[in-house]
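Single-letter residue listing:
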Amino acid sequence: YAWLVPDANVALHQMDALERLPRVVVLQTVLEEVRHRDRHKYKRLVALVEDAARSAVLFANEHSKPARIPAYDEVAKTVKDARAADDVTPNDRNDRAIR
């Protein structure tokens, strides 16, 4: 069996498809980004995870050391174009967490 781990863009733009898939792992980071960008999709994503009849789970990647996202200044040090820490957006941080 394969599990799908969608990023925020998939959750925002393909919610209908996600709701039909049998096995989905929703990262905490993705859930938070969706909450900030679209409240309606956020509520649908929460409902997907809370539905006991579904095989959808929430993974708290912010609390798992191997999956933890570095702080903004740590991310800035690894950004290829060497932007300052202030230029690292929440989306940059979330993208790094997912990949």
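Residues numbered from 1 in each chain as written. Predicted model: local features only at pLDDT ≥ 70, side-chain atom pairs only at ≥ 80, totals over all residues. Heavy atoms only, no water.

Engineer: Outline the overall build of the protein chain, supporting the account with residue identities and numerical values.
Structural biologist: Counting secondary structure elements, the protein chain contains 6 helices and 2 strands. Mapped in sequence order, the helices and strands of the protein chain form the string α-α-β-α-α-β-α-α. Contacts in the protein chain between residues at least 24 apart in sequence constitute 50% of all its contacts with a sequence separation of at least 6. Per element, the accessible surface of the protein chain, about 6,400 Å² overall, is 51% carbon and sulfur. (Helix = DSSP H or I, 4+ residues; strand = E, 2+ residues; numbered from the N terminus. Contact = heavy atoms within 4.5 Å. Areas by Shrake-Rupley, 256 points an atom, 1.4 Å probe, with all protein chains shown as cover.)

Engineer: Before we move on, can you summarise the side chain of Arg-44 with the specific residues and values?
Structural biologist: The residue Arg-44 is located in helix α4 (residues 39-50) in this model. Among the polar contacts listed, one links the side chain of Arg-44 to the side chain of Asp-16, at a separation of 2.6 Å. Ignoring anything within four residues of it in the chain, the contact list for Arg-44 reads Met-15, Asp-16 and Glu-19. (Polar contact = N/O pair within 3.5 Å; in protein donor to acceptor, adjacent residues only side chain to side chain.)

Engineer: For the environment of Arg-20, give the residues involved together with the corresponding values.
Structural biologist: Considering the arrangement of structural elements, one finds Arg-20 in helix α2 (residues 15-20). As a C-alpha pair, Arg-20 and Leu-48 span 28 residues in sequence and 9.8 Å in three-dimensional space.

Engineer: Any chance you could break down the pattern of salt bridges for me, citing the residues and the numbers?
Structural biologist: Pairs may arise between side chains of opposite charge once their charged atoms sit close together. Tallied over the entire structure, the rule returns 3 salt bridges. Overlapping salt bridges bring together Asp-16, Glu-19 and Arg-44 as one network. (Salt bridge = Lys/Arg side-chain N within 4 Å of Asp/Glu carboxyl O.)

Engineer: Requested: an account of the pairing of strand β1 (residues 23-27), with residues and values cited.
Structural biologist: Regular strands have side chains that alternate between both faces of the sheet. The buried fraction of β1 amounts to 4 of the 5 residues, a majority that puts the element mostly inside the structure. When β1 meets strand β2 (residues 55-59), the two strands line up parallel, connected through 5 bridges. Across the sheet, Val-24 pairs through a bridge with Ala-56, a residue of β2. (Buried < 20%, exposed > 50% of the residue type's maximum accessible area, 1.4 Å probe, protein only. Pairing = 2+ DSSP bridges.)

Engineer: Kindly report on the packing of helix α3 (residues 28-37) against α4, identifying the contributing residues and their values.
Structural biologist: Orientation of α3 relative to α4, taken along the N-to-C sense of each, is 145 degrees, at an axis distance of 6 Å. Along this stretch, α3 crosses α4, giving a crossing that reads as left-handed. In this structure, α3 uses Leu-31, Val-34, Arg-35 and Arg-37 to contact α4, whose residues at the interface are Arg-39, Lys-41, Tyr-42, Leu-45 and Val-46. Of the residues that constitute the contact of α3 with α4, the class distribution is 5 nonpolar, no polar and 4 charged. (Axes fitted to C-alpha atoms, helices over the stretch in contact; angles between N-to-C directions. Left-handed = near helix turned anticlockwise from the far one by under 90°. Nonpolar A, V, L, I, M, F, W, Y, C, P; charged D, E, K, R; others polar.)

Engineer: Go over the environment of Asp-16, please, and point to the residues and values.
Structural biologist: Mapped onto the elements of the fold, Asp-16 is located in helix α2. Through-space distance from the C-alpha of Asp-16 to that of Arg-44 is 9.5 Å; in sequence the pair is 28 residues apart.

Engineer: Now, about the environment of Lys-43: what can you tell me, with residues and values included?
Structural biologist: Within the secondary structure, Lys-43 is located in helix α4. Residue class for Lys-43 comes out exposed when judged on its relative accessible area of 59%. Distance from Lys-43 to Leu-31, taken between C-alpha atoms, is 9.6 Å for residues 12 residues apart in sequence.

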